[in-house]
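# Architecture at a glance
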Amino acid sequence: QATQGQLGGTGIGTFTDRLRDAVNGGSPVSADTLQDQGFGNGLGTDPSGKGTIPADQQLAVLAKDSDLVRLGLAGNLRSFSFLTAGGQTLRGDQLDYNGSPAGYADQPDEVVNYVDAHDNATLFDMLTLKLPEATSMADRVRMNTLSLATVTLAQGVSFWHAGTDLLRSKSLDHNSYDSGDWFNSLDWTGQDNGFGRGLPPAADNSAQWPVQGPLLANPALKPAPADIATASDQADVLLRLRSSTPLFRLGDAELIKQKLTFPGSGPDATPGVIVMSIDDTVGADVDPALSGVLVVYNASPTSTTQTVSALAGRNYALSDIQAQGTDPVVKTTTWDAATGAVTVPGRTVAVLVSPTAAVPTSSVGLTADRASQVYGSGQRVTLTATV
């Protein structure tokens, strides 16, 4: 059957609920877990007090969700291995997802990563249901961007729900199939995101009206056109980051297993933080312009410093796409080459790149050892000569 895990070698992808549920928390089809938080909306790091997860279990659930996000970033491959929260190095098909293997793909084109789609609640609406109600709209926009980034910068096929970059809302309707234009309309001008148009139809929502009603009536939860424009700008940045290097689109399971790692994963991982390294000095050269990419997802509300000692001595800097972008917060990201420490502000995804070092003509005669001293260990070096 054309189902998850049975399409190996076909080039046909299935939508993966693993990344979706780990980012959003709970289940989109269960009213009981409607307000359970996940990696992308503050589980364990910014608790809302709304969901069903006991306070003393939230960090453990977050650790498991974070591992599912890591696996999703690696294309949800059954054969991809990494150090998990339980302290074991496990393959994707050894990780649990509701009693089934989490990793099921043989190749990255067999998964479609997403956090919202035409069915269930929109990403903005899920953030509305799950984030602490006092969360500012600016921070809601940041979490919208961070959640989208788990999809956009992942190996495999990236899928966005129409209007998710515009904070699209269906007024918390979680099944808008027959809800008409009043709830389904999409304002491409970015003036109105659709939130607060009234209680969604009773057939699939009435049991949740006591939760939905007060939220829909709160004017602070409706974004202004400026908020929508900010979200759209940052979504555009994500798309440009994905297309900026083929390292985000390796397209082959062996390349992913060879080049992609998650420094800092395991039982000592910082809650709400995922570090992803794609090292192009290993194996075949995929991007001649870069020797590597380092991505830090900081879903917590506070700044984090992550030390990747294996990358000490490498020349990383914030991607020009973000450094020249409109978000002043991400621009405070720093990299310490001496120690391999990267500092990223809260509720931020930062992409750092390590350019390939171009060796001047006068240096062509350097030995490998001397080149390592001059240009840094592990740095891919391009030899150039003028003829």
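Residues numbered from 1 in each chain as written. Predicted model: local features only at pLDDT ≥ 70, side-chain atom pairs only at ≥ 80, totals over all residues. Heavy atoms only, no water.

## Looking at the overall build of the chain
Applicable threshold: Starting at the N terminus, helices and strands are each numbered in turn, a helix being any DSSP run of H or I of at least four residues and a strand any DSSP run of E of at least two. Radius of gyration here uses only the C-alpha atoms, and the compact-globule reference equals 2.2 Å multiplied by the residue count raised to the power 0.38. Any residue under 20% of the maximum accessible area for its type is buried, any over 50% is exposed, and the rest in between are partly exposed; the area is computed with a 1.4 Å probe on protein chains only. We call two residues in contact when some of their heavy atoms are within 4.5 Å. For the purpose of charge, His is not counted, nor are the chain termini; Lys and Arg are scored as positive and Asp and Glu as negative. A charged residue contributes its charge at one atom only: NZ of Lys, CZ of Arg, CG of Asp or CD of Glu.
Along the chain, the regular secondary structure elements total 11 helices and 17 strands. Rg of the C-alpha trace for the chain: 21 Å, near the compact-globule value of 21 Å for 387 residues, within the 12% margin. A principal-axis box enclosing the C-alpha atoms of the chain has dimensions of 75 × 45 × 40 Å. The proportion of buried residues among the 387 residues of the chain is 51%. Here the contacts in the chain between residues at least 6 apart in sequence split such that 68% fall between residues at least 24 apart. Here the chain holds 24 positive side-chain charges and 39 negative ones, and the gap between their average locations is 3 Å.

## Focus: the nonpolar core
Threshold: Nonpolar cores are built from buried Ala, Val, Leu, Ile, Met, Phe, Trp, Tyr and Cys residues. Side-chain atoms within 4.5 Å join them into one set.
If you look at the biggest cluster of nonpolar residues, it comprises 57 residues, and the most contacted ones within it are F80, F262, V295 and Y297. Discounting chain neighbours no more than four positions away, the residues touching Y297 are F39, L73, L146, A149, T150, L153, G272, V273, I274, T348 and V349.

## Things to note about the packing of helix α1 (residues 17–24) against helix α2 (residues 58–73)
Rules: To get an axis, a line is fitted to the C-alpha atoms, and for a helix only the part in contact is used. The angle between two axes follows their N-to-C directions and goes from 0 to 180 degrees. To sort the angles, those under 35 degrees are grouped as roughly parallel, those over 145 as roughly antiparallel, those from 65 to 115 as roughly perpendicular, and the leftovers as oblique. Take the far helix as your reference; a near helix turned counterclockwise from it by less than a right angle gives a left-handed crossing, and one turned clockwise gives a right-handed crossing. Residue classes follow a fixed rule: Ala, Val, Leu, Ile, Met, Phe, Trp, Tyr, Cys and Pro count as nonpolar, while Asp, Glu, Lys and Arg count as charged, and any other residue, Gly among them, counts as polar.
Running from N to C, α1 and α2 cross one another at 140°; their axes reach a closest spacing of 8 Å. Of the possible angle classes, the one that applies to α1 and α2 is oblique. You can see that α1 and α2 cross each other, and the crossing is left-handed. On α2, the residues that touch R18, L19, A22 and V23 of α1 are D65, L68 and V69. Taken together, the residues of the contact of α1 with α2 break down into 5 nonpolar, no polar and 2 charged.

## Here we look at the sheet that holds strand β6 (residues 111–113)
Sheet strands pair by backbone hydrogen bonding; their relative direction is either parallel or antiparallel. Formally: Whether two strands pair depends on DSSP finding at least two bridges between them.
The strand order across the open sheet built from 3 strands is β1-β6-β7, with neighbouring strands paired in parallel fashion. Two strands close off the open sheet at either side, each with one partner strand: β1 (14–15) and β7 (157–158). Here 2 bridges tie β1 to β6, and the two strands are oriented parallel to one another. Opposite T14, over in β6, you have V111 as the bridge partner.

## Quick look at the sheet that holds strand β15 (residues 348–355)
What the 5 strands build is an open sheet, ordered β8-β9-β10-β15-β12; its pairing is antiparallel. The open sheet terminates on both sides in strands that have one partner only, identified here as β8 (260–261) and β12 (317–318). Where strand β10 (residues 290–298) meets β15, 8 bridges bridge the pair, whose relative direction is antiparallel. Looking across to β15, one finds that G292 is bridged to S354.

## A word on the environment of Q208
Relative to the elements of secondary structure, Q208 occurs in the loop between α6 (202–205) and α7 (209–216). Remark: the alpha-carbon pair of Q208 and V344, spanning 136 residues in sequence, is separated by 37 Å. Not counting chain neighbours up to four residues away, the residues in contact with Q208 comprise A31 and L34.

## A look at the environment of G49
Here G49 is to be found in the loop between α1 and α2. Residue classification places G49 among the exposed residues on the basis of a relative accessible area of 74%.

## Some thoughts on the packing of helix α4 (residues 137–152) against helix α8 (residues 225–244)
Where α4 meets α8, the axes come as close as 10 Å, and the angle between the chain directions of the two elements is 25°. The angle between α4 and α8 falls in the class roughly parallel. Note on packing geometry: the crossing formed by α4 with α8 is right-handed. Residues M137, V141, T145, L148, A149, V151 and T152 of α4 form the contact with α8, whose participating residues are D227, T230, A231, Q234, A235, L238, L239 and R242. Here the residues of the contact of α4 with α8 sort into 9 nonpolar, 4 polar and 2 charged.

## Things to note about the environment of E110
As for its placement among the helices and strands, E110 is situated in the loop between β5 (100–101) and β6. For E110 and D327, which are 217 residues apart along the polypeptide, the C-alpha to C-alpha distance reads 34 Å. Leaving out residues up to four positions away in the same chain, E110 has contacts with L7, G8, G9, T10, I12, G13, T14, Y104 and A105.

## Looking at the packing of aromatic side chains
Note the following rule: Each Phe, Tyr or Trp ring (for Trp, its six-membered ring) is paired with any other whose centre lies within 6.5 Å, and the angle between the two planes then decides the class: stacked below 30 degrees, edge-to-face above 60, tilted in between.
A full pass over the atoms with the stated rule returns 8 aromatic pairs. Judged by centre distance (5.1 Å) and plane angle (80°), the ring pair of F15 and F159 falls under edge-to-face. Here F15, found in strand β1, pairs with F159, found in the loop between β7 and α5 (180–184); they are 144 residues apart in sequence, far enough to count as distant. Of the residues examined, F15 reaches a relative accessible area of 40% and is grouped as partly exposed.

## Examining the pattern of salt bridges
We count it as follows: Salt bridges are defined by distance alone: a side-chain nitrogen of Lys or Arg within 4 Å of a carboxyl oxygen of Asp or Glu.
Scanning the entire structure with this criterion turns up 14 salt bridges. The closest approach of N and O atoms between D46 and R347, which form a salt bridge, is 2.6 Å. Taken together, the positions of D46 in the loop between α1 and α2 and R347 in the loop between β14 (341–344) and β15 put the pair 301 residues apart, joining distant regions of the chain. Of the residues examined, R347 reaches a relative accessible area of 11% and is grouped as buried. Members of the salt-bridge network, linked through shared partners, are D46, D139 and R347.

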